[in-house]
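Analysis of the macromolecular model
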Amino acid sequence: MAEMGNLWEDLRKQARQLENEIDLKLVSFSKLGTSYTSHRDGDSDTSPLLNRSSSEHMFDTMAMEIEQLLTKLTQVNDRMVEYTQNISLSSPSAALLHTLQRHRDILQDYTHEFQKTRANITALREREDLLGSVRREISTYKNSTGLSRRTELYLKENDHIRNSERLVDEQISIAIATKENLTSQNKVLSSITQRVNSLANRFPIINSLVQRINLRKRRDSIILGCVVGVCIILLLLYMFH
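Below, the structure is looked at part by part. The numbering scheme is per chain: residues are counted from 1 as the chain's sequence reads. Restriction of local features to residues with pLDDT of at least 70 applies here, the model being predicted, together with a cutoff of 80 or more for giving and counting side-chain atom pairs; totals for whole chains, interfaces and linings are based on all residues. For side-chain calculations, the full set of non-hydrogen atoms in the structure is used, while hydrogens and water are omitted.

Re the overall build of the protein
The cut-off we apply is this: Only runs of H or I of at least four residues qualify as helices and only runs of E of at least two qualify as strands under DSSP, and these elements are numbered from the N terminus. Burial status follows relative accessibility: with a 1.4 Å probe on protein chains alone, a residue under 20% of its type maximum counts as buried, one over 50% as exposed, and anything between as partly exposed. Residue contacts follow a heavy-atom distance rule, with two residues in contact if any of their heavy atoms lie within 4.5 Å. All accessibility values rest on the Shrake-Rupley procedure with a 1.4 Å probe; residue burial counts only the protein chains present in the view.
Of the regular secondary structure elements, the protein holds four helices and zero strands. Out of the 241 residues in the protein, the part that is buried amounts to 18%. Counting only contacts in the protein whose residues sit at least 6 apart along the sequence, the fraction spanning at least 24 positions is 82%. By element, 58% of the accessible surface of the protein is carried by carbon and sulfur atoms, the whole surface being about 18,600 Å².

So, the pattern of salt bridges
Test applied: The salt bridge criterion pairs a side-chain nitrogen of Lys or Arg with a carboxyl oxygen of Asp or Glu, the two atoms within 4 Å.
One pass over the structure, following the stated rule, counts four salt bridges. For the salt bridge of R166 with E170, the shortest nitrogen-to-oxygen distance reads 3.3 Å. Taken together, the residues R166 and E170, both in helix α3 (residues 94–202) and four residues apart, mark about one turn of the helix. We classify E170 as partly exposed; its relative accessible area is 38%.

Topic: a nonpolar patch on the surface
Our working definition: For patch building, the residue pool is restricted to those with more than 30% relative accessible area and no salt bridge; the joining distance is 9 Å between like charges and 5 Å between nonpolar side chains (Val, Leu, Ile, Met, Phe, Trp, Tyr).
Together, L224, V228, I232, L235, L236, Y238, M239 and F240 make up a nonpolar patch on the protein surface, roughly 930 Å² of accessible area in all. Tracing the sequence through the fold places L235 in helix α4 (residues 204–240).

Looking at a negative patch on the surface
The following threshold applies: Asp and Glu are treated as the negative residues and Lys and Arg as the positive ones, with His and the ends of the chain left uncounted. Just so you know, the charge point we use is NZ for Lys, CZ for Arg, CG for Asp and CD for Glu.
On the surface, a cluster of negative charge is contributed by D23, D105, D109 and E113. The leading source of residues in the negative patch is α3, at three residues.

Describing the environment of K116
Relative to the helices and strands, K116 is located in helix α3. As a C-alpha pair, K116 and S30 span 86 residues in sequence and 9.7 Å in three-dimensional space.

A few points about the packing of aromatic side chains
Applied cut-off: Each Phe, Tyr or Trp ring, with Trp reduced to its six-membered ring, pairs with another whose centre is within 6.5 Å; inter-plane angles below 30 degrees give stacked pairs, above 60 give edge-to-face pairs, and intermediate values give tilted ones.
With the rule as written, the count across this model stands at three aromatic pairs. Ring centres of F29 and F59 lie 5.6 Å apart, and the angle between their planes is 20°; on these two criteria the pair is classed as stacked. Note that F29 is positioned in helix α1 (residues 2–42) and F59 in helix α2 (residues 52–86), a separation of 30 residues in sequence. Across the pair, F59 and F29 agree in class, each one buried. Joined through ring pairs, the aromatic side chains of F29, F59 and F114 make up one cluster.

Brief notes about the nonpolar core
Our working definition: In this text, buried Ala, Val, Leu, Ile, Met, Phe, Trp, Tyr and Cys residues form a nonpolar core when linked through side-chain atoms within 4.5 Å.
Among the nonpolar cores identified, the biggest contains 26 residues, and I22, F29, L70, M80 and F114 are the most heavily contacted of them. Contributions of two or more residues to this core are made by α1, α2 and α3. Not counting residues within four places of it along the chain, the set of residues in contact with M80 comprises W8, L11, R12, A15, L100 and H103.

Description of the side chain of E19
Assignment of secondary structure puts E19 in helix α1. Excluding anything up to four places from it in sequence, E19 contacts L73, H103, I106 and Y110.

Re the side chain of T117
Within the secondary structure, T117 sits in helix α3. Taking the relative accessible area as the measure of exposure, T117 reaches 13% and is therefore buried. Sequence-distant contacts of T117, defined by excluding residues within four places in its chain, comprise F29 and S30.

Written out as structure tokens, the structure reads:
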């Protein structure tokens, strides 16, 4: 019985030691979750929650250590249960069963607290990953939008330059066409003048007749002017006498 009693005390000592270690680890683990929350509440959306590499490494390391301690504590509790079953011939005392139940309750509370804290931190990490992805997409979209805007402005400016060049080419084409048209008209007039002079030289009688007609028109004009002048003079003389 003494050996059995020593075994029970050793198991209780191991359980208390593991419970103390787990309690300290859970406090640090809970502080890690609180730091995630405080960074999220205090920083802007563009600020990281924690240094990603160090915080994730710390989270994974602490979670693994706590899981290992909980596994050891579970094994110790199982051995304590086996102990109570081995002394069932002399049924265990109420104090022994109460102690066993208390250690099992502590294990259950620590397990529940660990799972809850780990779930909260995991949710915050996933949320940050999602927000980081959204921020990267927004940044990429802004950069691509700015580049697209600048490209669009360059294209519009290029179109304006091409339109200006096209208008200048049209004006030059119009000027060249006008010059060619004037040159053609000048050639036509020169050709007509040459033909008239040629006809006049070929038919001197016609040229003489034209000159006589012009002389008769001048003479008739002079006679008509003299008659009109005489009439006016006579009229004035009549009015003043």
